[in-house]
Amino acid sequence: MITKDIQKAIEALQNNELIALPTETVYGLAANAYNETAIKKIFELKKRPLYNPLIVHLHSSEQLKEVAKEIPQRAKILAEKFWPGSLTLVLKKQEHIPDLVTAGKDTVAVRIPQHLVALALLEQLDFPLVAPSANPFGSISPTSAQHVWDYFQDKLPVILDGGNCANGVESTIVGFRGNEAVLYRHGSVSVEEIEQMIGKIETITHNDTTPDAPGMLSKHYAPKTPAVLTENIAAEVAKNAGKKMGILVFRNVLEGKEIVHCETLSPKGDVKEAAKNLYAALHRLDAMDLDIIIAERLPNHGLGITLNDRLSRAVKR
Ligand code: TXA
Ligand code: MG
């Protein structure tokens, strides 16, 4: 059921059921982080492999010591600056965090979301929530309650409607090797913003064999329609003559006889606006029964790096 009724969500979660909740990045599929019965349902519903750990969502920094320990100084600096917000920190876990949450690792991923509905819900619970994106494993992430409904319909007792996600791409994930920070997933906070706070950080975002963060898998966030990513849209359109094409571009509008639809992510060329629109645009194109989606690579700095990361994984077959 799509609803704005937080009370219904609280009851479902207390009964170890799953709900969908809005965050500022994407919608999450949430369960009691301390209850294995509930957490198992996430893996079953998403068809998510068990090696892929979950993010624990908190309502305040004071709650952090309940789930993590030995917090590095650089983590404290980042938490202070970006929480509540779209940054996930991978930290040493407290013993009582279930192995299902962490895929048996000794670390736990945590963040405080910046969405009034998510925070209001978390504040009224006496347990944190694990919440992966509310989509089947590998598919396009949801940025509206409707997207979640389209995937799961009434398999979820409650889909909390908090409007369209303001940021539109997942949180940035930062972990630590000793005191050194490592970027595991590009996301809604740009690398530049992170580096302004703690200096240069190493990036490890591709690993298909033992993914430290499976946003790392090279195929992910994928539409069902075949897709390509290009720097030269016109050449790609010419190459695909005769096919029903959908186009995804940064700021221009492209028209043509065989172009069924063109999605422009930000007419004014603002990458933040483009991020907010990316997944909704991919969902719309994927519903159009096209032969191919041709996506344009964005300028590769700031959030453009994150969007190019998502698009390059989305087009993998
Ligand atoms: O923006 C977000 O982070 C959204 C919203 C709902 O909060 N959630 C999200 O969750 O994107 P999910 O499950 O789609 O992605 C979680 C990522 C995965 O890439 C996972 O591998 C990584 O977090 N992760 C979780 N625990 C980890 C750990 N202990 N070490 C390394 N990576 C971890
Ligand atoms: Mg996901």
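Residues numbered from 1 in each chain as written. Chains lettered and ligands numbered in written order. Predicted model: local features only at pLDDT ≥ 70, side-chain atom pairs only at ≥ 80, totals over all residues. Heavy atoms only, no water.

Novice: Looking at this structure, I do not really get the UniProt feature "domain: YrdC-like" (unreviewed entry) in the protein. What am I missing?
Specialist: With numbering aligned to this structure, UniProt lists the feature "domain: YrdC-like" (unreviewed entry) at residues 3-189. Structurally, residues 3-189 comprises 29% helix and 23% strand, and the distance from its first C-alpha atom to its last is 29 Å. (UniProt positions renumbered as here; feature names shortened; annotations may be inferred. Helix = DSSP H or I, 4+ residues; strand = E, 2+ residues; numbered from the N terminus.)

Novice: I would appreciate a short explanation of the nonpolar core in the present structure.
Specialist: Soluble, globular proteins show a tendency: their nonpolar side chains are buried together. One finds Leu87, Leu89, Val130, Leu156, Val174 and Ile194 to be the most contacted residues of the largest nonpolar core, which totals 49 residues. Considering every element that reaches this core, the biggest residue donor is helix α2 (residues 36-46), with five residues. Ignoring anything within four residues of it in the chain, the contact list for Leu89 reads Ala75, Leu78, Ala79, Trp83, Val108, Ala109, Val110, Val174 and Phe176. Counting 24 residues, the second largest nonpolar core, distinct from the first, contains Leu265, Leu307, Leu311 and Val315. (Core = buried A, V, L, I, M, F, W, Y, C linked by side-chain atoms within 4.5 Å. Buried < 20%, exposed > 50% of the residue type's maximum accessible area, 1.4 Å probe, protein only. Contact = heavy atoms within 4.5 Å.)

Novice: Honestly, the side chain of Glu170 in this entry has me stumped. Any pointers?
Specialist: With respect to the secondary-structure elements, Glu170 resides in the loop between β9 (158-160) and β10 (172-177). In this structure the side chain of Glu170 is engaged in a polar contact, spanning 3.1 Å, whose partner is the side chain of Arg310. With residues up to four places along the chain from it excluded, the contact list for Glu170 reads Thr25, Val26, Ser141, Arg185, Gly187, Ser188, Tyr221, Tyr279 and Arg310. (Polar contact = N/O pair within 3.5 Å; in protein donor to acceptor, adjacent residues only side chain to side chain.)

Novice: Just to check I follow, could you spell out the domain arrangement of the protein for this structure?
Specialist: Interfaces are often described in size by the accessible area the parts lose on coming together. Structurally, the protein comprises domain 1 (2-203) and domain 2 (227-315). Across the interface of domain 1 and domain 2, roughly 1400 Å² is buried in total on both sides, 61% from carbon and sulfur atoms. Connecting domain 1 to domain 2 are one salt bridge. As a salt-bridge pair, Glu170 and Arg310 come within 3.1 Å of each other at their nearest N and O atoms. (Domains from an automatic or database assignment. Buried area = accessible area lost by both parts, 1.4 Å probe. Salt bridge = Lys/Arg side-chain N within 4 Å of Asp/Glu carboxyl O.)

Novice: When you look at α2 in this model, what are you seeing that I'm missing?
Specialist: Given 3.6 residues per helical turn, the α-helix brings residues three or four places apart onto the same face. Within the sequence span of α2, burial applies to Ala38, Ile39, Ile42, Phe43, Leu45 and Lys46. Packing partners of the buried residues in α2 comprise β3 (28-32), α5 (99-102), β8 (129-130) and α7 (145-152). Among the residues of α2, the N-terminal cap falls to Asn35, whose side-chain oxygen and the backbone nitrogen of Thr37 are separated by 3.1 Å. Positive phi appears at Lys47, one or two residues downstream of α2, with a value of about 55°.

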